[in-house]
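# Summary of structural features
Residues per chain, in single letters:
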Amino acid sequence: MIQLPPDGLDEETTDAWLEHVAEAVAEFRRNGYAVVLIDDGSWGERVERALAALGVPPLPTADGSRESLRQHAVQRPSASTSTLDE
């Protein structure tokens, strides 16, 4: 989970925060992680612009509802398909 900026920050701090979020998301995507934006409508457009500036395609978006989160949930591999020694 990557925290989006809280309300009330000045624009310079907010822009820097979103730039760091975009850089982290870009790194996760380069390494094959599934990334979903959970957006209440506050930051989605600005996050997408920051990602686009780094060449990262738009993220799937969840609205935070149980059903929306369930649609984007990542299933852990079953024990029978796991390649990790446990």
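Counting restarts for each chain: residues are numbered from 1 in the order of the written sequence. Residue-level local features of this predicted model are given only where pLDDT is at least 70; pairs of side-chain atoms are given and counted only at 80 or more, and the full residue set underlies all totals for whole chains, interfaces and linings. Hydrogens and water are ignored here; the side-chain numbers use all heavy atoms of the structure.

Take the pattern of salt bridges next. Any carboxyl oxygen of Asp or Glu that lies within 4 Å of a side-chain nitrogen of Lys or Arg is treated as forming a salt bridge with it. A complete count under the given rule lists three salt bridges for this structure. Across the salt bridge formed by Arg46 and Glu11, the nearest N and O atoms sit 3.1 Å from each other. Here Arg46 is found in helix H2 (residues 44-53), whereas its partner Glu11 is found in helix H1 (residues 11-30), with 35 residues between them in sequence. A helix here means a DSSP run of H or I that spans at least four residues, while a strand means a run of E at least two residues long, and both kinds are numbered starting from the N terminus.

An ideal rise of 1.5 Å per residue puts 28 Å on 20 residues; H1 measures up with 28 Å between its terminal C-alpha atoms. A simple rule labels every residue: compare its accessible area, found with a 1.4 Å probe on the protein chains alone, to the largest value its type can have, and call it buried under 20%, exposed over 50%, or partly exposed in between. Every buried residue of H1 is accounted for by Thr14, Leu18, Val21, Ala22, Val25 and Ala26. Taken down its axis, H1 places every buried residue within 135 degrees of arc, on the same side. More than 90 degrees from the buried face of H1, the exposed residues found are Glu12, His20 and Arg30. In this analysis, two residues are considered to be in contact whenever any of their non-hydrogen atoms come within 4.5 Å of each other. The secondary structure elements touched by the buried residues of H1 are H2. Downstream of H1 by a residue or two, Gly32 has a phi angle that is positive, lying close to 85 degrees. Between the first and last residue of a helix there are one fewer steps than residues, each counted as 1.5 Å, and that sum is the expected span. Directions from the helix axis toward the C-beta atoms define the arc.

It is worth spelling out H2 at this point. Those residues of H2 that sit buried are Gly44, Val47, Ala50 and Leu51. Along the axis of H2, the buried positions cluster into a sector of 130 degrees, meaning they face one direction only. Projecting away from the buried face of H2 at angles above 90 degrees are the exposed residues Glu45, Arg49 and Ala53. Downstream of H2 by one or two residues, Gly55 has phi in the positive range, about 80 degrees.

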